[in-house]
Amino acid sequence: MLKTLEKTACKPGLTAHKTIQLLQAGGLPLKETLIKIKSEFGDYFKEREAEINGSLLAVLSGENLLFLGPPGTAKTQLARSICQTIEGGNFFNYLLTSFSTPEEIFGPLSLKALEEDEFRRNIEGCLPTAHVALLDEIFKASSAILNSLLTILNERKYHNGREIVDVPLLSVFGASNELPEEDESLEALYDRFLFRYRLSYIQDDDNFKKLLFREPEDFTPTSSISVSEIEKLRKSANSLSVDPDVEVIITELRKNIQLQEIEISDRRWKRIVQVLKVAACSSGCPAVDRTMVLLLQHMLWNLPEERETIRKTVFRLVVSGGTNTEKLRLDVEDLKTALSIALKNELPVGIVCDSCGEEFQLRENLEVHHAACPNHSYTLKQEGNSRIYPYANLMKEIESLHASSGKKTTLSQAQKEVFEKEFEALAGRVNKVKQRLEEEKELLRELMDANIWLSTADKNEALLLHDTGNTQLSGTETLIKEIRDILGLQIRENRDMDSRSLKPSASKPLSSGSPSDTHTSKMDAKIHVPDSGSNAGGFIKGLGSRFKLR
């Protein structure tokens, strides 16, 4: 049975020309109209703010939208109501089955055309003449329907016999209870739906009561927009610029998604950018800013289980430009651990290998020897101590001696320079992130307030993520202060030692060849500097691999 086309016009007799004149004469600008429409829909459709935003934006940008979810979640009513916001908009709704025929969707064959030996359909009142359409259980479409449907969804063209018809579709809403099975034609159909939403039943008790007992039962939006306004918006959006940081975020987002083995076609990426331009233009923004990128959470997932991963990735990249404050804290912790190990590199007593007689003054040389000769045992060069230690017990004894001696160990000048260089780099990163976070919050709030397409939940989550980054950064700053104190104390100790060595003794002046100078030079000669080359990060990485750091 052929479904008839449902025609709706929220304001009969109000033409597109009159609407533009009304707008120019002091009527509501497009942004205010959209805000009013969103408000009306939000009051009626509970817990559907993101879906309402996506539906309107899909219509404005000419993209298709897919609802995944059980029956009875107001998919049809939402799609029909969206069409009612289009002046003179034609709405087509059909429930597809595996037995549906092309006649039911595209119209019956024209008998008059057949008399003239032409294959042509009578498309009036069917999908090729609709402005907004809802195709329920769309993935059950037969192969006879798919080819023509793909062309309509992608190109807005319909091949009616020898004639190519321009389809006025603004958006097609697809609905399904499940994802398509593995089939190339269905995967191509799935890719045509840029916006994707997973719907569920109402969760909040108050919203559930309002659903059951509210009045009136029927919903008719009081505000509308014309097709000519939509076309004008799209043309204006084409010339809208994209902020450089948005280009960086999208490029990084693509890399992150590829690492998670989520494939997004080039066609989808191209259309995503155009949607962001329409979103920015309709929000009255001069360019596509990074808050627009938050909308990508509804356009990038292929499987429902990918939604949360993509959502977190998108938010992390948008807030603070993708700076991972947790990773930054771990880097600072690693530096502190490496510094602690380096300070304990000089062994508290001499160690002798009982198996081969080799002597050690530095912990790292002992580590290298143990790696080459794991079964060797050791003795301490201490009077009255002839005990032989396996390596594991030796390490415990060394730690105990370090703790009990209270001896202040020192870094060589070369080691100190490497650690200071690495510290300055990390401290600089922390300061930059802190400054950016301090400057960002108000800017982020202002940008999100201007963006009419973000849900309240999205705005709150972005601000919460920002605050979480601030909290993590506070702990990182504490670690930075501790490292600075360690390096500062070390520098002061060395300077004190240098000043004492240069200060003449009251009883015996020091000469250039004094025993003190000779002893210092020997001690310096014994301290081995790890080969870090010119790369401070390599030095830290080297320490990490030797001492099993993170």
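Parameters and conventions
Residues numbered from 1 in each chain as written. Predicted model: local features only at pLDDT ≥ 70, side-chain atom pairs only at ≥ 80, totals over all residues. Heavy atoms only, no water. Helix = DSSP H or I, 4+ residues; strand = E, 2+ residues; numbered from the N terminus. Buried < 20%, exposed > 50% of the residue type's maximum accessible area, 1.4 Å probe, protein only. Contact = heavy atoms within 4.5 Å. Areas by Shrake-Rupley, 256 points an atom, 1.4 Å probe, with all protein chains shown as cover. Salt bridge = Lys/Arg side-chain N within 4 Å of Asp/Glu carboxyl O. Phe/Tyr/Trp six-rings, centres within 6.5 Å; stacked < 30°, edge-to-face > 60°. Pairing = 2+ DSSP bridges. Expected span 1.5 Å × (residues − 1). Axes fitted to C-alpha atoms, helices over the stretch in contact; angles between N-to-C directions. pLDDT = per-residue confidence, 0-100. Left-handed = near helix turned anticlockwise from the far one by under 90°. Nonpolar A, V, L, I, M, F, W, Y, C, P; charged D, E, K, R; others polar.

A. View of the overall build of the protein. Along the backbone of the protein there are 20 helices and 13 strands. Looking at the protein residue by residue over its 550 residues, the buried ones come to 46%. Residue pairs at least 24 apart in sequence account for 77% of intrachain contacts in the protein once pairs closer than 6 positions are excluded. Surface accessibility of the protein: about 28,500 Å² in total, with carbon and sulfur atoms responsible for 52%.

B. Quick peek at the pattern of salt bridges. Inspection of the entire model under this criterion finds 19 salt bridges. A salt bridge links arginine 271 to glutamate 63, with the nearest nitrogen and oxygen atoms 3.8 Å apart. Taken as a pair, arginine 271 in helix α12 (residues 266–282) and glutamate 63 in the loop between α3 (49–61) and β2 (64–68) lie far apart in primary sequence, 208 residues in all. In this structure, arginine 429 and aspartate 331 form a salt bridge, with 3.5 Å as the shortest nitrogen-oxygen distance. One end of the pair, arginine 429, is in helix α17 (residues 413–450); the other, aspartate 331, is in helix α14 (residues 325–343), with 98 residues separating them in the sequence. The class for aspartate 331 is buried, based on a relative accessible area of 18%. One salt-bridge network, held together by shared partners, links Asp191, Arg267 and Arg268.

C. Molecular detail of the packing of aromatic side chains. In the structure shown here, the tally under the stated rule is 12 aromatic pairs. Between tyrosine 44 and phenylalanine 219, the aromatic rings sit 4.8 Å apart at their centres with planes inclined by 20°, giving stacked as the arrangement. Here the residue tyrosine 44 occupies a position in helix α2 (residues 30–44), and phenylalanine 219 occupies one in the loop between α9 (205–213) and α10 (227–238), the gap between them amounting to 175 residues. A centroid spacing of 6.1 Å and a plane angle of 45° characterise the contact between phenylalanine 67 and phenylalanine 173, whose relative ring orientation is tilted. Remark: phenylalanine 173 occurs in strand β7 (residues 171–176) and phenylalanine 67 occurs in strand β2; sequence separation between them is 106 residues. We note that phenylalanine 67, like phenylalanine 173, is buried.

D. Quick look at the environment of phenylalanine 173. Taking the relative accessible area as the measure of exposure, phenylalanine 173 reaches 0% and is therefore buried. Distance in space between the C-alpha atoms of phenylalanine 173 and threonine 76 is 8.9 Å, their sequence separation being 97 residues. When neighbours within four sequence positions are excluded, phenylalanine 173 is seen to be in contact with Ser55, Val59, Leu65, Phe67, Ala79, Ile82, Val132, Ala133, Leu134, Leu135 and Phe193.

E. Just the pairing of strand β11 (residues 346–353), in detail. Counting buried residues along β11, 6 of its 8 residues qualify, which places the element largely inside the surrounding structure. Bridging between β11 and strand β12 (residues 359–362) involves 3 bridges; their strand directions are antiparallel. In the strand pairing of β12, isoleucine 351 is matched with phenylalanine 360. Between β11 and β12, which pair antiparallel one after the other, the connecting turn spans 5 residues, and glycine 357 there sits at a positive phi close to 80°. Taken together, the 3 bridges between β11 and strand β13 (residues 378–380) define a ladder with antiparallel strand orientation. In the strand pairing of β13, cysteine 353 is matched with tyrosine 378.

F. Examining the pairing of strand β4 (residues 132–136) more closely. The buried fraction of β4 amounts to 5 of the 5 residues, a majority that puts the element mostly inside the structure. Both strand β3 (residues 90–95) and β4 contribute to a ladder of 5 bridges, which runs parallel. Bridging from a neighbouring strand, asparagine 93 pairs with leucine 134 of β4. Taken together, the 5 bridges between β4 and β7 define a ladder with parallel strand orientation. Among the inter-strand pairings, aspartate 136 is bridged to a residue of β7, identified as alanine 175.

G. Highlighting helix α13 (residues 307–318). Its 12 residues place the ends of α13 16 Å apart at the C-alpha level, agreeing with the 16 Å of an ideal helix rising 1.5 Å per residue. Every buried residue of α13 is listed here: Ile310, Arg311, Thr313, Val314, Phe315, Leu317 and Val318.

H. Looking closely at the sheet that holds β12. The sheet built from 3 strands is open, its strands ordered β12-β11-β13 with antiparallel pairing. The open sheet has two edge strands, β12 and β13, and neither has a second partner. On average, each strand axis in the sheet is inclined to that of its neighbour by 35°, with strand direction left out of account. Docked against the sheet, helix α15 (residues 363–372) engages β11, β12 and β13, running at close to 135° with respect to β12.

I. Here's a closer look at the confidence of the model for the protein. When the pLDDT values of the protein are averaged, the result is 79; 81% of them are 70 or greater. Here residues 1–27 is modelled with pLDDT under 50, and outside its nearest four sequence neighbours on either side it reaches 51 contacts, counting other chains as well. Within the model, the stretch residues 489–550 combines pLDDT values under 50 with 63 contacts to residues more than four positions away or in other chains.

J. Just unusual backbone geometry, in detail. Residues other than glycine seldom take positive phi values, yet alanine 74 does so here, at roughly 65°. You can see alanine 74 is positioned in the loop between β2 and α4 (75–84).

K. Representation of the packing of helix α11 (residues 244–259) against α13 in the model. Viewed as axis vectors pointing N to C, α11 and α13 meet at an angle of 150°, and their least axial separation amounts to 10 Å. Between α11 and α13 the crossing geometry is right-handed. Together, Ile249, Glu252, Leu253 and Asn256 of α11 and Thr313, Val314, Arg316, Leu317 and Val318 of α13 make up the contact between the two elements. Per-class residue counts for the contact of α11 with α13 are 5 nonpolar, 2 polar and 2 charged.

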